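Report on the structure
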Amino acid sequence: MCLFISCRFPQLTAGLERGQFYSKEDITDIVEYARLRGIRVIPEIELPGHAKGLQSLDGEDLEFCDNTYRQIYNDPEGKSLNTLKKLIAELVNLFPDQYIHMGSDETSTNEKCTIESVRLLEEEIAHFIISLGKTPIAWEEALFYTGMEVPGMVFQAWKSFSSSSIIERNYDSIESQHRYFYMDIIPHRESSVPWLDIAPANKRLDRKRLLGGELAMWTDQYCSTRQCWNEQKWQKRRNAPLSYWMFESQFDGEFSKSLMGMIWPNGIPAAGAFWNYDETLPPSAYQFLIKHVHQVMLSRKIEACPIGCRCDELQRCGVKYRTST
């Protein structure tokens, strides 16, 4: 969860250094920079799980399911709901896009946080987002695991279900199958090729309910909320992410090369599959298209991974971005 400066809850970013959170001016600049290039910026508010970034609100403003602070508890008094609504209302004003992603993936249950309480929390937040004139998006678990049912929702498939499964439940869908469209996974699985027909296999399904696909580039191995610490602290921990050291600003160059090598050229066939999948395309034509677009990217100074090489978080074609860590 990437934090932003909140007027209502300044303790969210208290003690953090510049670069560890977004100011409202930062967000405005990013949205405008993207708009001028035909890119939409849709914020994702992780709830109720993946909520450790909100730990500073524990007690007076939020309650959590346990002392790991990973999931928000839907307390009977409504304290957590009230705080989340205030945060969402504040965030929504910064993003003009029609859609707001509310996360809701990888939730868990215990004696305190029951499946019923999780479902009620998610449904209440979805209704609140709709009341703000926005359309909520949630990951597949909210529909198939938690069982939330809110008309007008959009659900995003990524792991155990497909967009067709969502459309069958009469909801709009987004496809992001992790085996094909998670850019942080593909370089580590040689058999993964981001070329998949995302259209519903059942021709009777309403294809208009498939809004499209999304490539995901999760940066867990670079830095997550609880991992944004200095190098000295991380050297004492065994579970440090692979490229934690790239978080420091002096390694922005290495981070840029690493990230671009992970996304490109793998993102090229994925974008082609979203836009115009062709099952009759022979392997020779497929490879030609990748090479052609790859050359265009290189001519525009985009540091895509060379064709035939492996690029991951730490190295490009066998050459490490840093010789010692």
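Here's what I pulled together on the structure shown here.

Procedures and definitions
Residues numbered from 1 in each chain as written. Predicted model: local features only at pLDDT ≥ 70, side-chain atom pairs only at ≥ 80, totals over all residues. Heavy atoms only, no water. Disulfide = S-S within 2.5 Å. Buried < 20%, exposed > 50% of the residue type's maximum accessible area, 1.4 Å probe, protein only. Helix = DSSP H or I, 4+ residues; strand = E, 2+ residues; numbered from the N terminus. Contact = heavy atoms within 4.5 Å. Core = buried A, V, L, I, M, F, W, Y, C linked by side-chain atoms within 4.5 Å. Phe/Tyr/Trp six-rings, centres within 6.5 Å; stacked < 30°, edge-to-face > 60°. Lys NZ or Arg CZ within 6 Å of the ring centre and 35° of its normal. Pairing = 2+ DSSP bridges. Axes fitted to C-alpha atoms, helices over the stretch in contact; angles between N-to-C directions.

**Section: the state of the cysteines**
Under the defined criterion, the tally for this structure stands at 3 disulfides. Here Cys305 connects covalently by a disulfide to Cys311, the sulfurs 2.0 Å from one another. Looking along the S-S bond of the Cys305-Cys311 disulfide, the torsion reads about 85°, which is the right-handed sense. Each of the two residues, Cys305 as well as Cys311, counts as buried.

**Quick word on the environment of Pro194**
With respect to the helices and strands, the residue Pro194 is situated in the loop between helix H6 (178-181) and strand S6 (210-213). You can call Pro194 buried: its relative accessible area is 2%. Distance in space between the C-alpha atoms of Pro194 and Glu123 is 33 Å, their sequence separation being 71 residues. The contacts of Pro194, once residues within four sequence positions are left out, are Tyr180, Phe181, Met183, Ile186, Asn266, Pro269, Ala270 and Ala273.

**Brief notes about the nonpolar core**
By size, the foremost hydrophobic cluster in this structure holds 38 residues, and its most contacted members are Leu54, Met102, Ile125, Met153 and Phe155. Mapped onto this core, the elements with two or more residues apiece are helix H1 (24-35), strand S1 (44-47), helix H2 (79-92), strand S2 (99-103), helix H3 (115-131), helix H4 (141-144) and strand S4 (154-157). The leading source of residues in this core is H2, at 6 residues. Counting residues in each nonpolar core, the second largest holds 12 residues, with Met217, Tyr244, Ile263 and Tyr321 among its members.

**What to know about the packing of aromatic side chains**
This model, assessed by the stated rule, comprises 12 aromatic pairs. When the centroid spacing of 6.0 Å and the interplanar angle of 65° are considered together, the rings of Tyr182 and Trp218 count as edge-to-face. Here Trp218 lies in the loop between S6 and helix H7 (231-234) and Tyr182 lies in the loop between H6 and S6, a separation of 36 residues in the sequence. What makes Trp218 partly exposed here is its relative accessible area of 32%. Members of the aromatic cluster, connected to one another through ring pairs, are Trp139, Trp158, Tyr182 and Trp218. Here Arg37 stacks its cationic end above the ring of Tyr33, 3.5 Å away from the centre of that ring.

**Regarding the environment of Gln221**
Mapping Gln221 onto the fold places it in the loop between S6 and H7. Residue class for Gln221 comes out partly exposed when judged on its relative accessible area of 31%. Taking C-alpha positions, Gln221 is 20 Å from Leu16, a pair spaced 205 residues apart along the chain. If we ignore the near neighbours within four places in the chain, the residues touching Gln221 are Pro241, Leu242, Ser243, Tyr244 and Glu313.

**Comments concerning the sheet that holds S2**
Spatially, S1-S2-S3-S4-S5-S6 is the arrangement adopted by the 6 strands of the open sheet, whose pairing is parallel. Looking along the sheet, the strands with just one partner apiece sit at the ends: S1 and S6. Each neighbouring strand pair of the sheet contributes to a mean axis angle of 25°, computed without reference to strand direction. Sheet topology places strand S3 (residues 135-139) next to S4; 3 bridges connect them, and they run parallel. Within S4, the residue paired with Ala138 across the bridge is Phe155. H3 rests against S1, S2 and S3 of the sheet, and its axis sits at about 170° to S2.

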